[in-house]
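Examination of the molecular architecture
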Amino acid sequence: MQDMLVRLLDLPDISEEEKFLFENKGIVFKRPIRPEKSIVVDWVGKHFSKNWADETEAAFYSLPVNCFIAQREQEILGFACFESTSKNFFGPTGVLDEERGKGIGKILLVKSLMALKEMGYAYAIIGGVGPAPYYEKTVNAKIIEGSEKNIYQNLLKQPK
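Residues numbered from 1 in each chain as written. Predicted model: local features only at pLDDT ≥ 70, side-chain atom pairs only at ≥ 80, totals over all residues. Heavy atoms only, no water.

1. Here we look at the environment of S62
- Its place among the elements puts S62 in the loop between α3 (50-59) and β3 (67-72).
- On the basis of relative accessible area, S62 is assigned to the partly exposed category, the value being 23%.
- Once the C-alpha coordinates of S62 and E83 are considered, the two residues, 21 residues apart in sequence, prove to be 9.3 Å apart. (Helix = DSSP H or I, 4+ residues; strand = E, 2+ residues; numbered from the N terminus. Buried < 20%, exposed > 50% of the residue type's maximum accessible area, 1.4 Å probe, protein only.)

2. Regarding the pattern of salt bridges
- Within this structure, the stated rule accounts for eleven salt bridges.
- When the shortest N-O distance is used, the salt bridge between E83 and K87 registers 4.0 Å.
- Overall, the relative accessible area of 61% leaves K87 in the exposed class.
- Members of the salt-bridge network, linked through shared partners, are R72, E75, E99 and K102. (Salt bridge = Lys/Arg side-chain N within 4 Å of Asp/Glu carboxyl O.)

3. Here's the deal with the sheet that holds strand β7 (residues 142-143)
- If you trace the seven strands from one edge of the open sheet to the other, you get β2-β3-β4-β5-β6-β1-β7, paired in mixed fashion. Two strands close off the open sheet at either side, each with one partner strand: β2 (27-30) and β7.
- One ladder, built from four bridges, connects β2 with β3; its direction is antiparallel. Paired with F29 across the bridge in β3 is A70.
- Contacts from helix α1 (residues 15-25) reach β2 and β3, with the element oriented near 135° to β2. (Pairing = 2+ DSSP bridges. Contact = heavy atoms within 4.5 Å. Axes fitted to C-alpha atoms, helices over the stretch in contact; angles between N-to-C directions.)

4. Remarks on the packing of α1 against helix α4 (residues 104-118)
- In contact at an axis separation of 10 Å, α1 and α4 are set at 130° when each is read in the N-to-C sense. When the interaxial angle is binned, α1 and α4 end up oblique. In the crossing of α1 with α4, the sense of the turn from one axis to the other is left-handed. In this structure, α1 contributes E17, E18 and L21 to the contact, and α4 contributes I104, K106, I107 and K111.
- Across the contact of α1 with α4, the residue classes tally to three nonpolar, no polar and four charged. (Parallel < 35°, antiparallel > 145°, perpendicular 65-115°, else oblique. Left-handed = near helix turned anticlockwise from the far one by under 90°. Nonpolar A, V, L, I, M, F, W, Y, C, P; charged D, E, K, R; others polar.)

5. A few points about unusual backbone geometry
- In this chain, L63 is followed by P64 through a cis amide linkage whose omega measures -5°.
- By secondary structure assignment, the location of P64 is in the loop between α3 and β3.
- Residues G91 and P92 are joined by a peptide bond in cis, for which omega reads 5°.
- On the secondary structure map, P92 appears in strand β5 (residues 89-95).
- At E73, a residue that is not glycine, the phi angle is positive and equals roughly 55°.
- Residue placement: E73 occurs in the loop between β3 and β4 (75-82).

Take a look at the structure:
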């Protein structure tokens, strides 16, 4: 897996998509607050991985929290973290399988990248990318040459 670079000065406008999902599907996009930490971290661990749950927990050490979630009533639908493992890095991120294809991931991605821009960055790194074509299409991200060796290359993983 390689890293990708995103220019933060050219992010797409997601306001209409976010408004549509709120008004028609009841989906709220927000930064969780500290009293929600265990709920969010446990959800990420249950639906994705222990490693991602650890990165998500690290996002709660910043104020405001370096994470966005999508929720419908009391149900989490997706999450996106940034600057939780390394400075200026986006990820991890994920959306429930049954909620994919609705634009939730795109909104979480762009909101996170906008937060990095507000922190003063002009570019951001998407670390250890899986779906590179998605990031290319959504935010015009580019593969970073030679990034096969990255911060995740010797990552310890929970035994199965």
